[in-house]
Amino acid sequence: MGEVFETYMNDLGLSQNTIRAYLYSEKQFKDRYRTVNRKNLRDYKVFLIDNYQPQTVNLRIRGINCYLESQNMEKWKLSAVKFQQKPFLENIISEADYLYFKNCLKRDGETLWYFVVRFMGATGARVSELIRIKVEHVQKGYFDLYSKGGKLRRIYFPAALRREALEWFQETGLTSGFIFLNRKGKQITERGISNRLKYFGEKYGLDPSVVYPHSFRHRFAKSFLERYNDIAMLADLMGHESIETTRIYLRKTSTEQQALIDKIVDW
């Protein structure tokens, strides 16, 4: 069960994390209902709403909708549930901690992991995109990605990062192919990156809630807007379908809100 669906998602270029989540949606639905029809789909949505947080409900709905697409049943796709977003951002590594983290990695000779953090923080790449970066992309200065429907997203490598990475390639003798490899010379997995970042985060005394791959993508977005307030350009760089998704980065983190209140409220 799920092999055809998994092949369909791989052909779309979805990340392994997304594929696992969507396969779970398919399995969960099929474990509860014998057939796929409108009534069972509506019942599944009600079940999700009754048992999960809105973000999880929408993840499951995206998964089952992707399954319906794979079966040419798009007409039965479910609508997402609406929920009120928090008026602040949470669990995003601060710029100071980002700088501290990568400097600690560089100081301790953890060059590979220094560049893992550096590339995510300086490009906004998703971890699924990070592991696909090749020497040739860095040499060109960008990495072109094509989504479903042929939409282009370009990940740029800033000049300073490019110079530093090319020196690293020269030192290690890496002349072509993927740049983030494990000890066996294979591509590092998304899970491997996540686990290793947690290890280093704990080692350097960082809050574990902010040390995960997507946190550095968030850091890129926040830092970009602080220096160049062009949300439309950021939406393009992040690969967001709607600029509304990008607007969350205009909000301050809860820590920033607290610091601002402490500073200005004296009445």
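Rules used throughout
Residues numbered from 1 in each chain as written. Predicted model: local features only at pLDDT ≥ 70, side-chain atom pairs only at ≥ 80, totals over all residues. Heavy atoms only, no water. 1 Å grid on protein atoms, 1.4 Å probe; cavity = no way out; pocket = protein on both sides within 12 Å on 5 of 7 lines; lining within 4 Å. Points joined across faces, edges and corners; volume = space filled by probe spheres on them. Helix = DSSP H or I, 4+ residues; strand = E, 2+ residues; numbered from the N terminus. Nonpolar A, V, L, I, M, F, W, Y, C, P; charged D, E, K, R; others polar. Core = buried A, V, L, I, M, F, W, Y, C linked by side-chain atoms within 4.5 Å. Buried < 20%, exposed > 50% of the residue type's maximum accessible area, 1.4 Å probe, protein only. Contact = heavy atoms within 4.5 Å. Lys, Arg positive; Asp, Glu negative; His and termini not counted. Salt bridge = Lys/Arg side-chain N within 4 Å of Asp/Glu carboxyl O. Patch = residues over 30% accessible without salt bridge, like charges linked within 9 Å, V, L, I, M, F, W, Y side chains within 5 Å. Areas by Shrake-Rupley, 256 points an atom, 1.4 Å probe, with all protein chains shown as cover. Expected span 1.5 Å × (residues − 1). Phe/Tyr/Trp six-rings, centres within 6.5 Å; stacked < 30°, edge-to-face > 60°.

K.L.:
Explanation requested: the layout of surface pockets in the structure shown.
P.N.:
Think of a ball as big as a water molecule: rolled over the atoms, this probe shows where empty space is left. In this structure, the second largest pocket occupies an estimated 370 Å³ of space. In terms of residue count, helix 11 (residues 213–227) provides more of the lining of the second largest pocket than any other element does, 5 residues in total. Looking at the lining of the second largest pocket residue by residue, the classes come out as 11 nonpolar, 3 polar and 6 charged.

K.L.:
Whenever I open this one, the nonpolar core confuses me. Can you help?
P.N.:
Side chains that are nonpolar tend, in soluble globular proteins, to be buried together. Ranked by size, the top nonpolar core spans 39 residues in total, and within it Phe-101, Phe-119, Phe-180 and Ile-193 carry the most contacts. Elements supplying a minimum of two residues to this core: helix 5 (95–107), helix 6 (111–123), helix 7 (127–130), helix 8 (135–140), strand 1 (142–146), helix 9 (159–172) and helix 10 (190–203). Top contributing element to this core by residue count: helix 6, with 8 residues. Residues in contact with Ile-193, not counting those within four places in the same chain, are Trp-113, Val-116, Val-127, Leu-130, Ile-131, Ile-188 and Pro-213.

K.L.:
Got a minute to help me understand the side chain of Lys-102 in this structure?
P.N.:
Here Lys-102 is to be found in helix 5. No salt bridge is formed by the buried Lys-102; the nearest opposite charge belongs to Glu-164, separated by 6.5 Å. Not counting residues up to four positions away in its chain, the partners in contact with Lys-102 are Tyr-114, Val-117 and Arg-118.

K.L.:
I tried to follow the pattern of salt bridges on my own but got confused; where do I start?
P.N.:
A side chain with one charge can pair with a side chain of the opposite charge if their charged atoms come near. The full count for this structure, using the stated rule, is 14 salt bridges. Put simply, Lys-27 and Asp-31 hold a salt bridge, and the shortest N to O gap is 2.8 Å. Taken together, the positions of Lys-27 and Asp-31, both in helix 2 (residues 16–32) and 4 residues apart, correspond to about one turn of that helix. Close ionic contact of Lys-39 with Asp-43 constitutes a salt bridge, the shortest N to O distance being 2.8 Å. In this pair, Lys-39 and Asp-43 both sit in helix 3 (residues 38–51), 4 residues apart, roughly one turn of the helix. Ionic contacts of the salt-bridge type, sharing partners, join the residues Lys-106, Arg-118 and Glu-164 into one network.

K.L.:
Mind showing me how you'd approach a nonpolar patch on the surface here?
P.N.:
Together, Leu-260, Ile-261, Ile-264, Val-265 and Trp-267 make up an exposed nonpolar region whose accessible area comes to about 530 Å². Along the chain, Ile-264 falls in helix 14 (residues 254–264). Given a relative accessible area of 45%, Ile-264 falls into the partly exposed group.

K.L.:
I keep staring at the environment of Lys-102 and nothing clicks. Help me out?
P.N.:
Given the relative accessible area of 11%, Lys-102 is considered buried. Each C-alpha atom of the pair Lys-102 and Tyr-114 lies 5.3 Å from the other, and the pair is 12 residues apart in sequence.

K.L.:
Explanation requested: helix 2 in the structure shown.
P.N.:
It helps to recall that an α-helix has 3.6 residues per turn; residues three or four apart then point in one direction. An ideal rise of 1.5 Å per residue puts 24 Å on 17 residues; helix 2 measures up with 25 Å between its terminal C-alpha atoms. Looking only at helix 2, the buried set comprises Ile-19, Ala-21, Tyr-22, Leu-23, Ser-25, Glu-26, Gln-28 and Phe-29. Where helix 2 is buried, its residues touch helix 1 (3–12), helix 3 and helix 4 (54–70).

K.L.:
Explain the packing of aromatic side chains to me, please; I cannot follow it from the model alone.
P.N.:
The relation between two aromatic rings is expressed through the spacing of the ring centres and the mutual angle of the planes. According to the stated counting rule, one finds 21 aromatic pairs in the structure shown. A centroid spacing of 5.4 Å and a plane angle of 80° characterise the contact between Phe-5 and Tyr-67, whose relative ring orientation is edge-to-face. With Phe-5 in helix 1 and Tyr-67 in helix 4, the pair connects residues that are 62 residues apart, well separated along the chain. According to the relative accessible area criterion, Phe-5 is buried, its value standing at 2%. We classify Tyr-67 as buried; its relative accessible area is 8%. Consider the rings of Phe-29 and Tyr-33, whose centres lie 5.1 Å apart with planes at 40°: the pair is tilted. Across the pair, exposure class does not vary: Phe-29 and Tyr-33 are buried alike. An aromatic cluster of three or more residues is present, and its members are Tyr-98, Phe-101, Trp-113, Tyr-199, Phe-200, Tyr-204 and Phe-216.

K.L.:
Even after reading the chapter, I still don't get the environment of Val-211, so can you show me in this structure?
P.N.:
Relative to the helices and strands, Val-211 is located in the loop between helix 10 and helix 11. Given the relative accessible area of 1%, Val-211 is considered buried. Taking the C-alpha atoms as reference points, Val-211 and Gly-13, separated by 198 residues in sequence, lie 26 Å from one another. What Val-211 contacts, discounting residues up to four positions off in sequence, is Phe-101, Leu-197, Lys-198, Gly-201 and Leu-206.

K.L.:
What's the story with unusual backbone geometry in this structure? I'm lost.
P.N.:
Trans is the common state for peptide bonds, and a negative phi is the common state for residues other than glycine. Unusually for a residue other than glycine, Asn-72 sits at a positive phi of about 60°. By the element assignment, Asn-72 lies in the loop between helix 4 and helix 5.

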